[in-house]
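# Survey of secondary and tertiary structure
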Amino acid sequence: MRILTRYICLTALFLTALSCTPGIPQCGQIEEDADIFPDYRETTVPPNIAPLNYMVRNDAEKILTRVCGPAGEEIVISGRKVKFPLKEWRDLLNRSKGKDLTIETYLCKNGQWSRLRDFSCHVAQEEIDGWITYRFLAPSYEFHSYLSIDQRDVTSFKSRELYHNRFEHSRTKQQCINCHSFQNYHTDRWQLHVRLIESGTVIVDGEKGEKVDLKTEQTISGGFYPAWHPTENLIVYSNNWLRQFFFARNYNRIEQQDNDSDLIMYDVDSNEVTPVAKDSVLFENYPAWSPDGRTLYYSCANQPELRELSDVELGEHFEDFKYDILKRSFDPSTKQFGPPKMVMNAKKMDKSALFPRISPDGRRMLVAVARFGSCHNYHRDSDLWMMNLENGKLDKLEILNSDEADSYHNWSSNGRWIIFTSRRMDGVHTRIFFSYFDKDGKVHKPFVLPQEDPEHYIKTFKSYSVPEPTVEPLRQSIRQVRRIVRQDALKANYRE
Amino acid sequence: MKNSSKGIARICSLSDVIVLITSAAVLAAKGGVLRKAADLSAVSFEGGFLRDFLNRPGGILEYLGLLLTQAGHFPAAGILLMLVLMVWAAYSCRQIYGHNPFIWVPALCMLVFWTGMDYNLHTMRAVGYAFSQMLGIAAVCSIASLSARSRHPAVVGIISLILLYPPIGGYAVLAALCCAVISLTGRERTGVKSFCLTVLCAAILPQIATRLAYTHTDPTFTYLSGMPYFDFNGNWTRWIPIGASCAGLVLMCAFRKTLAKPVSGFMSFIISVFLSAGLVFFTYKDRNFHAEISMEQAIEANDWDKVLKIAKGLEHPTRIGVMYRNIALLYKGELLERMFTFSDEYSPIDTKAPVSMTMVCAPVSFFYNGMLQFSARWAMECTLLYQPGVQRYKYLAKAALFSGTEKRELVEKYLRRIEQNAGQKRWVKKYRSYLDNPELLSQDPEYLMAKALNEYTEPKFLSSTVVEDTFLWLFPTLDPTPGPLLELSIGYTLIAKDVEYFWPKYEAWVAEGRSLPKAMAEAALMFAYMERDEARLADVLDRTGGDDNPVLKRFNAFSEAMTKSSGSAASLDYFRKRFGDTYWYYCTFVKNFDIN
């Protein structure tokens, strides 16, 4: 009995010791900021985001971090790597909606503790879509090795591969997979392009999945950049004849250029391709639907002088390509498009605007803007701008942009979060960033998709590209997707 | 062992010594290649990196091979490690079929796989292949020896298959096959049943594992996992040593009772000599291949004299060797003096593998010719097309650092990966110090040269697909710019034999008050003579020493010989002997060499 009692006491003592949070030292605050990576200081975050794990880079022997909620709740972490327990983090954020978290950082140097300047993190009321699908690949240009389409649960650190190209790697060819796209933030309808091996477009519609060859004799190529109609089973694609070339000295390293491009619409139910914009003079690209599905926005370069040039000459005029944003009305009942109308005359501003994305409330449009060109992913001066579609006012979103390429943007389904990719961390590898867009139309400081290991972005040599948010996870397993990829491609029919 | 001499003989016979010494000698001759293999690989100890290996069967074998390849940075250690693995394999074989020279067959065949490696070395996708295959066969020999000493060899085979297929992949299947064969030839009365069961397990279990557990693997390669199945496209003969090693081991397990019979000392000697001769015969001995590796290592150490010493010994260099020697000449400021004094009898790279010169030398050649972004581009592409490598990361880091337009974080990222590899701390420390202290960078000779070679306006459409094609396209067309760029530009103008682009550069050169180097003087004389440009001719003669100068005398002799020449092979030989070190010989007789 005595032994049992002793045992129980010892166990209780041990558990108590384990559960004790480190004591917060009593010390003065110094005029020094916490140097943290990634930088989550003064950001606004959704209440359902995964823990914002980061590391403190200030020089110190010991480091203590305390995150305080508005009602006095706190989490204390000791060590250079600040990794929050998931459950406690979620509780803290749930209780802090619409309010600020205060983060205190304590450093111990030469036995003396000091407190750095506190910083805060605002927790928004509105949540962000729970899943984000992206391409995970090394930042190559012409060749690629192992690449995958991954889906990440942004409320935790869990992710899974939807598909990867390792199945089809051969000695001579490498399979490329790209342009995953979902209908209206849901995953019952989605699509994916496969190139080089088992090529075609995988289209999943509910339980049915098939592979389609969108290339017809009348079109430049198969489908490229997709835009799924928000309600109908229709997908508008760009058709592109692309090429890329490399610079020996140019700041931008590489240029990807449209030699020709048009827009087509693919009717999934009838397996038919119809032209949307097939002008022999214009270069049309990057389609995007309005949320009500009654307007199609796209980028368009109207430069007839360039059309006369040969292939080689076109390559010498890459800086002359300037894209505007146009729109066409669409009648879902007749599936007919109206005439093109100018939305944003970027050429007049001596700019090139690509990739229009309309907010879910239909009032705003995000675009990627750079000095020239048809692929801003490689343009270091690429920035995100926002246009108010009601009054045409342009906002250059200074707080969002960086000195490296900021591009491939999207809206969350509630229109409160902007998701985009940026190479700002090291200039080469793209990362996914989120920025809060509040009810007053103000854009807040962006933050990077959190990872379990704060050093993840330093260690990984892969890029996160084409982030597409969804409100639910994908249902298909990797083997189910593979089965569809391995099907013979159904040839699409062309109709004028 | 009854006494020490018998004990020594039991441990190690004369035939063992012959094989080991021959292997050591061949490996020593391949020390530079082993170092290159280490440079073309990169290890990391981070969780994500290791997880990739755990996601496929045979991944642990590959990772261990990659770790052991680190020894290549210290070639003596690498050689020793390889010999240790060979001895391990041989010793295990001895447990199976007794002490005779055939115990070396599996290890020697695997060694031939390594020593027979040709230009494929530059394009290998399999990670850690230098050691992983030898490690794999040694593991199989161990399992087979265990099985041979066991009462139930089939059980050993099946258990080892279940336990070892994940870490060593196809080699576990091979081990199971060996055990199956041993059970057939063993004491078990149920030998046939055991054999069939083991073979069935070897056929089915890996398929189950691949389909259920390994979603990252193409099931087509189930039985080859851990082996370099993505490599040797168009060069299937590279598989012969691996096949011979595996098949040889299985056969020797089948005939172990026959092999266990004593072999006379003389026969042992003959067999060991034969095996050793086979190793030497099948070792890839191409002079250019080894020279280029040494030249590259010397270039990276900025040892220009060593580069030129190696170049001098090459009678039929490839264009890679030519580009490397021209780099050394440029950095010594002797390009236009000596570039045509070497052999002009070029040869293509000697390989059946579909390897282009760009894949072999692009990062190095572009970097040292000042084209940092192209160097980085190809270092990146090769990292993805083949595998990450310390050397490739180094060019990525240096290009990012020297360009001045890349972020510090990018350079730091590459440095961090490089320093996880053996023998790289000093290199990383040097370049990290440049990040912290840009003044140090501004004193680095490579940086200064890269800066000087970058002073031109980029033409709008410049391909970087074929290295020398890029140089031949760009450098002759550049406007004359003082400094090393002018020298490089003239050099490639002469290689391209472009008279039109030559003269403006000649004018710029002489305007700087510089004397005419040998190749330039010879070219100027020849071109002025061909164009019948009296004014230019007079100017050239004036700069080369007047009417009685040795260049003119030699040119007159060349012209006279050309007039009398019959155009036969004998006369070509005559010209090579008398004028092979001149630009006139190059311009007249050297045509249509392959730059691809």
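Residues numbered from 1 in each chain as written. Chains lettered and ligands numbered in written order. Predicted model: local features only at pLDDT ≥ 70, side-chain atom pairs only at ≥ 80, totals over all residues.

### Concerning the overall build of chain B
- Scanning chain B from terminus to terminus reveals 33 helices and 0 strands.
- If you line up chain B on its principal axes, its C-alpha atoms span 100 × 55 × 45 Å.
- When contacts within chain B are restricted to residue pairs at least 6 apart in sequence, those whose partners lie at least 24 apart make up 72%. (Helix = DSSP H or I, 4+ residues; strand = E, 2+ residues; numbered from the N terminus. Contact = placed C-beta atoms within 7 Å.)

### Let's talk about the overall build of chain A
- Per the secondary structure count, chain A includes 6 helices and 37 strands.
- Here the C-alpha atoms of chain A give a radius of gyration of 25 Å, agreeing with the 23 Å that 2.2 N^0.38 yields for 496 residues.
- Projected onto its principal axes, the C-alpha positions of chain A cover 90 × 50 × 45 Å.
- Burial analysis of chain A (496 residues in total) assigns 46% to the buried set. (Rg over C-alpha atoms; globule rule 2.2 N^0.38 Å. Buried ≥ 20, exposed ≤ 12 C-beta atoms within 10 Å, placed from the backbone.)

### Observations regarding the domain arrangement of chain A
Residue and element names in this part refer to chain A.
- The assigned domain composition of chain A is domain 1 (25-123) and domain 2 (131-491).
- Computed from C-alpha atoms alone, the centre-to-centre distance between domain 1 and domain 2 is 36 Å.
- Contacts between the two partners involve 18 residues from domain 1 and, on the opposite side, 16 residues from domain 2.
- Breaking the side of domain 1 that touches domain 2 down by element, the ones donating at least two residues are strand S3 (43-45) and strand S4 (54-56). (Domains from an automatic or database assignment.)

### A word on the pairing of strand S6 (residues 74-78) of chain A
Residues and elements named next belong to chain A.
- Relative to S6, strand S5 (residues 62-68) runs antiparallel, the two sharing 5 bridges. Within S6, the position partnered with valine 67 by the bridge is isoleucine 75.
- Where S5 hands over to S6, the hairpin turn is made up of 5 residues, of which glycine 72 adopts a positive phi near 95 degrees. (Pairing = 2+ DSSP bridges.)

### Let's talk about the sheet that holds strand S27 (residues 352-358) of chain A
- The strand order across the open sheet built from 4 strands is S27-S28-S29-S30 (chain A), with neighbouring strands paired in antiparallel fashion. Of all strands in the sheet, those with a lone pairing partner are S27 and strand S30 (394-395) of chain A, marking the two edges.

### Here we look at the pairing of strand S20 (residues 254-267) of chain A
Residues and elements named next belong to chain A.
- Inspection of the sheet shows strand S19 (residues 234-246) paired to S20 by 13 bridges, in the antiparallel sense. Following the sheet pairing, asparagine 239 is matched in S20 by aspartate 262.
- As paired strands, S20 and strand S21 (residues 272-277) are joined by 5 bridges and run antiparallel to one another. Counted as the bridge partner of isoleucine 264 is proline 275 from S21.

### Overview of the nonpolar core
- With 311 residues, the main nonpolar core has Val367 of chain A together with Val140, Ala144, Ala175 and Cys178 of chain B as its most contacted residues.
- Counting residues domain by domain, this core receives three or more from each of domain 1 (25-123) and domain 2 (131-491) of chain A.
- With residues near it in sequence (within four places) discarded, valine 140 of chain B still touches Tyr171, Leu174, Ala175, Cys178 and Leu249 of chain B. (Core = buried A, V, L, I, M, F, W, Y, C linked by C-beta atoms within 7 Å.)

### As for the environment of glutamine 244 of chain A
All names here are of chain A.
- By secondary structure assignment, the location of glutamine 244 is in strand S19.
- You can call glutamine 244 partly exposed: it has 13 C-beta atoms within 10 Å.
- Taking the C-alpha atoms as reference, glutamine 244 lies 5.9 Å from glutamine 257; in sequence the two are 13 residues apart.
- Ignoring any residue separated from it by four or fewer positions in sequence, one finds glutamine 244 in contact with Tyr141, Ile254, Glu255, Gln256 and Gln257.

### Digging into helix H20 (residues 372-385) of chain B
- Helix length check: H20 of chain B, at 14 residues, gives a terminal C-alpha distance of 20 Å against a target of 20 Å (1.5 Å per residue), a fit within 8%.
- Counting buried positions along H20 of chain B gives 13 out of 14 residues, so the element sits mostly inside the fold. (Expected span 1.5 Å × (residues − 1).)

### Details of the interface of chain B and chain A
- Opposite the 27 residues of chain B that make contact, chain A presents 32 residues.
- Those elements that place two or more of their residues in the side of chain B that touches chain A are H20 and helix H22 (408-418) of chain B.
- Element by element, the count of residues in the side of chain B that touches chain A is highest for H20 of chain B, at 7 residues.
- By residue class, the composition of the side of chain B that touches chain A is 9 nonpolar, 8 polar and 10 charged. (Nonpolar A, V, L, I, M, F, W, Y, C, P; charged D, E, K, R; others polar.)

### Some details on the sheet that holds strand S32 (residues 417-422) of chain A
All names here are of chain A.
- Here we have 4 strands laid out as an open sheet, ordered S31-S32-S33-S34, and antiparallel in their pairing. The open sheet has two edge strands with one neighbour each: strand S31 (406-411) and strand S34 (447-448).
- As paired elements, S31 and S32 share 5 bridges and run antiparallel to each other. The partner of asparagine 410 across the bridge, within S32, is isoleucine 419.

### Details of the packing of helix H9 (residues 153-168) of chain B against helix H11 (residues 191-212) of chain B
All names here are of chain B.
- Contact pair H9 / H11: the axes reach a minimum separation of 9 Å and the direction vectors enclose 10 degrees. Relative to H11, the element H9 is oriented roughly parallel. Contacts between H9 and H11 involve Ala154, Gly157, Ile158, Leu161, Ile162 and Tyr165 from the first element and Ser194, Leu197, Thr198, Cys201, Ala202, Leu205, Pro206 and Ala209 from the second.
- Counted by class, the contact of H9 with H11 contains 11 nonpolar, 3 polar and no charged residues. (Axes fitted to C-alpha atoms, helices over the stretch in contact; angles between N-to-C directions. Parallel < 35°, antiparallel > 145°, perpendicular 65-115°, else oblique.)

### Overview of unusual backbone geometry
All names here are of chain A.
- Omega for the peptide link from phenylalanine 37 to proline 38 comes to -5 degrees, which places this bond in the cis form.
- One can find proline 38 in the loop between strand S2 (36-37) and S3.
- Unlike most non-glycine residues, lysine 335 shows phi in positive territory, near 60 degrees.
- Relative to the helices and strands, lysine 335 is located in the loop between strand S24 (324-331) and strand S25 (336-337).
- On the basis of neighbour counts, which here come to 14 C-beta atoms within 10 Å, the residue lysine 335 falls in the partly exposed class.
- A positive phi is found at valine 466, a non-glycine position, where the angle reads about 55 degrees.
- Inspection of the secondary structure assignment puts valine 466 in strand S35 (residues 463-470).

### Focus on the confidence of the model for chain B
- The predicted model of chain B averages 92 in pLDDT, with 97% of residues at 70 or higher.
- This stretch, residues 1-5 of chain B, has a pLDDT under 50; its non-local contacts, to residues over four places away or in other chains, come to 3 contacts. (pLDDT = per-residue confidence, 0-100.)

### Side note on the environment of threonine 421 of chain A
- When you line up the elements, threonine 421 of chain A lands in strand S32.
- Setting aside chain neighbours within four positions, we find threonine 421 of chain A in contact with Ser407, Tyr408, Thr430, Arg431, Ile432, Tyr464, Ser465 and Pro467 of chain A.

### Notes on helix H28 (residues 499-511) of chain B
All names here are of chain B.
- The end-to-end C-alpha distance of H28, which contains 13 residues, comes to 19 Å, matching closely the 18 Å that a straight helix rising 1.5 Å per residue would cover.
- Where H28 is buried, its residues meet helix H27 (484-496) and helix H29 (518-531).
- Looking one or two residues past H28, glycine 513 carries a phi angle of roughly 80 degrees, positive in sign.

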